[in-house]
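The residues making up each chain are set out below.
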Amino acid sequence: MDDECIEDEPLTERRPVTGPHVFGYLRHSTGGTPRHTALTNCLTEYCRSHELTLCGVFTDREPAVALHSPAFVGLLDALGLPDTYGAVIPALSHLGPRPVATERRRRITATGTRLITVRSTRPTAGIGLSFRLQQQGGT
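In this report, the structure presented in the accompanying data block is examined. (Residues numbered from 1 in each chain as written. Predicted model: local features only at pLDDT ≥ 70, side-chain atom pairs only at ≥ 80, totals over all residues. Heavy atoms only, no water.)

Inspection of the entire model under this criterion finds four salt bridges. With a closest N to O distance of 2.5 Å, Glu45 and Arg48 form a salt bridge. Here Arg48 and Glu45 lie together in helix 2 (residues 32-49), a separation of three residues that amounts to about one turn. Here Glu103 and Arg106 are joined by a salt bridge, their closest N and O atoms 2.6 Å apart. With Glu103 and Arg106 both in helix 4 (residues 98-110) and three residues apart, the pair spans about one turn of that helix. In this structure, a network of salt bridges that share partners links the residues Glu103, Arg106 and Arg107. (Salt bridge = Lys/Arg side-chain N within 4 Å of Asp/Glu carboxyl O. Helix = DSSP H or I, 4+ residues; strand = E, 2+ residues; numbered from the N terminus.)

And the structure:
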């Protein structure tokens, strides 16, 4: 084997690799631009730390929750794209009130993709994302 080929070949860890493609969804009607930025950053950091590729974020900005809101319909369309792994949301509350959230979860699942929540409702997840990142050496 030629030693020059080995030295010129980049290590796997140094090659750009894209993770599974996901799309974010936010229901944001209060808090203005800083809150929206914080929520988007939360999704971005979660995807980065879990090796997911965040391809876009759909945001509903109306206080009233309609099942067929433009942002949610856009999310469903995006989930139908080839090679899409799923949707990521900060918390289940972003899907809306319980009856709407239940139907939205059903529709996301019907696309054959996954619904990923950053903040789980399970008791073992009470530590929080920022604390887990600090324990692992991140900020």
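The next point concerns the nonpolar core. In this structure, Phe23, Tyr25, Ala71, Phe72, Leu75, Ala78, Leu79, Ala87, Ile89, Leu95, Ala101 and Ile108 together form the largest nonpolar core, which totals 12 residues. If you list the elements that add at least two residues to this core, you get strand 1 (21-27), helix 3 (70-79), strand 3 (84-89) and helix 4. It is helix 3 that provides the largest number of residues to this core, a total of five residues. (Core = buried A, V, L, I, M, F, W, Y, C linked by side-chain atoms within 4.5 Å. Buried < 20%, exposed > 50% of the residue type's maximum accessible area, 1.4 Å probe, protein only.)

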